[in-house]
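# A closer look at the structure
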Amino acid sequence: MKENTKNARINVRAITFTAVMAALVFVFTYTFKIPFVNGYTHIGDSMIFLAVVFLGWKKAPLAAGIGAALADLIGGYSAWVAPTFIIKFIMALICALIMEKVIKNNKVAGYIVGAVLGGVWQIVAYTVVKIFLFDKAYAFSSLPTLAIQTVVGVVVAAVFIVVFDKTKVTAKLKKMVG
């Protein structure tokens, strides 16, 4: 019976921390945004990449998709809720799988390659969706904004990761979440 209680506590912690990361993705996307003619850019991707480090491939994609989609829903971009959920979910999944399964022996290289490939996925996927929803001119005009958003997200997350690693926060959170 004690084993079941411990597993239940770990699951509740994991669910709670996944929800917290989804909330951080939402806040950093919804609150810290810069409007542009063709939409807006934000630093929410930094929290997605951070969620990947803390939660791994099983939980981070859900936090990424829920947090980003919620920002679109509450921000008045309802047409983007489903595409954003799918795109951010897959972006986090790509990054996490590369970090944990492909380049698992080198944390820094795994993060960089995973974040870059996840970011490239995001840029391509949003561009394709914009072609279908609008047109090619609009879709391609937003490429610089998407690229800047992705690069800033990777860099901001990297700063958090370095600080959290040096202060042992990452190890403590990973141990707590399970």
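From a predicted model like this one, the values you see are computed outputs, not experimental measurements. (Residues numbered from 1 in each chain as written. Predicted model: local features only at pLDDT ≥ 70, side-chain atom pairs only at ≥ 80, totals over all residues. Heavy atoms only, no water.)

Let us look at the overall build of the protein chain. A count of helical and extended segments in the protein chain gives eight helices and two strands. When the helices and strands of the protein chain are read in sequence order from the N terminus, they spell out α-β-β-α-α-α-α-α-α-α. For 178 residues, the compact-globule formula gives about 16 Å, and the C-alpha radius of gyration of the protein chain, at 17 Å, lands near that figure. Dimensions of the protein chain along its principal axes, counting C-alpha atoms only, are 60 × 30 × 25 Å. For the protein chain, the residues scored as buried account for 40% of the 178 residues in total. (Helix = DSSP H or I, 4+ residues; strand = E, 2+ residues; numbered from the N terminus. Rg over C-alpha atoms; globule rule 2.2 N^0.38 Å. Buried < 20%, exposed > 50% of the residue type's maximum accessible area, 1.4 Å probe, protein only.)

Below, the discussion takes up the layout of surface pockets. The gaps left among the atoms become clear once a water-sized probe is rolled over them. Taken as a whole, the second largest pocket encloses approximately 260 Å³ of empty space. Around the second largest pocket, the lining comprises 15 residues; the ones closest to its centre are Val52, Val53, Gly56, Glu100 and Lys174. Of all the secondary-structure elements, those providing two or more residues to the lining of the second largest pocket are helix H2 (44-55), helix H4 (81-102) and helix H8 (169-177). Counting residues per element, the lining of the second largest pocket draws most heavily on H2, at four residues. (1 Å grid on protein atoms, 1.4 Å probe; cavity = no way out; pocket = protein on both sides within 12 Å on 5 of 7 lines; lining within 4 Å. Points joined across faces, edges and corners; volume = space filled by probe spheres on them.)

So, on to a nonpolar patch on the surface. There is a patch of nonpolar side chains on the surface, built from Val108, Ile112, Val116, Val120, Val124, Val128 and Phe132 and spanning about 650 Å² of accessible area. Following the sequence through the fold, valine 108 ends up in helix H5 (residues 107-133). (Patch = residues over 30% accessible without salt bridge, like charges linked within 9 Å, V, L, I, M, F, W, Y side chains within 5 Å. Areas by Shrake-Rupley, 256 points an atom, 1.4 Å probe, with all protein chains shown as cover. Salt bridge = Lys/Arg side-chain N within 4 Å of Asp/Glu carboxyl O.)

Attention shifts here to unusual backbone geometry. Backbone geometry places lysine 168, a non-glycine residue, at a positive phi of 65°. Relative to the elements of secondary structure, lysine 168 occurs in the loop between helix H7 (143-166) and H8.

A separate point is the pattern of salt bridges. Scanning the entire structure with this criterion turns up two salt bridges. A salt bridge links lysine 88 to aspartate 45; its shortest N-O distance comes to 2.5 Å. Within this pair, whereas lysine 88 is found in helix H4, its partner aspartate 45 is found in helix H2, the two being separated by 43 residues in sequence. Under the relative-accessibility criterion, lysine 88 is labelled buried at 2%.

The subject of this paragraph is H8. Where H8 is concerned, the buried positions are Thr170, Leu173 and Val177. Relative to the axis of H8, the buried residues are bounded by an arc of 70° and lie together on one face. The outward face of H8, more than 90 degrees from its buried face, is lined by the exposed residues Lys172 and Lys175. (Arc of directions from axis to C-beta.)

Once that is clear, we can look at H7. Here H7 contains 24 residues, and its C-alpha end-to-end distance of 35 Å stays within 8% of the 34 Å for a straight helix at 1.5 Å per residue. Among all positions of H7, only Thr145, Leu146, Gln149, Thr150, Gly153, Val154, Ala157 and Ile161 are buried. Just downstream of H7, lysine 168 is the residue with a positive phi angle, here 65°. (Expected span 1.5 Å × (residues − 1).)

Between H2 and H8, the least distance of the axes is 9 Å, while the angle of their chain directions is 65°. Contacts from Val53, Phe54 and Leu55 of H2 reach H8 at Thr170, Leu173, Lys174 and Val177. (Axes fitted to C-alpha atoms, helices over the stretch in contact; angles between N-to-C directions. Contact = heavy atoms within 4.5 Å.)

Moving on, we come to the side chain of lysine 130. Here lysine 130 lies in helix H5. Despite its burial, lysine 130 pairs with no opposite charge; the closest candidate is aspartate 72, at 10 Å N-O. Once residues within four sequence positions are removed from consideration, lysine 130 is found in contact with Trp80, Asp135, Tyr138, Ala139, Ser142 and Leu146. (Lys, Arg positive; Asp, Glu negative; His and termini not counted.)

Attention now goes to the environment of alanine 96. Relative to the assigned elements, alanine 96 resides in helix H4. Separated by 18 residues in sequence, alanine 96 and glycine 114 have C-alpha atoms that sit 6.7 Å apart. Setting aside its immediate chain neighbours within four residues, alanine 96 contacts Val52, Gly56, Trp57 and Lys101.

Counting residues in hydrophobic clusters, the biggest one holds 31 residues, and the most contacted among them are Phe17, Met21, Phe49, Val52, Phe54, Leu55 and Tyr111. Elements represented by at least two residues in this core include exactly helix H1 (2-30), H2, helix H3 (60-74), H4, H5, H7 and H8. The element that contributes the greatest number of residues to this core is H2, accounting for nine residues. Ranked by size, the runner-up nonpolar core spans six residues in total, among them Trp80, Ala125, Tyr126 and Leu146. (Core = buried A, V, L, I, M, F, W, Y, C linked by side-chain atoms within 4.5 Å.)

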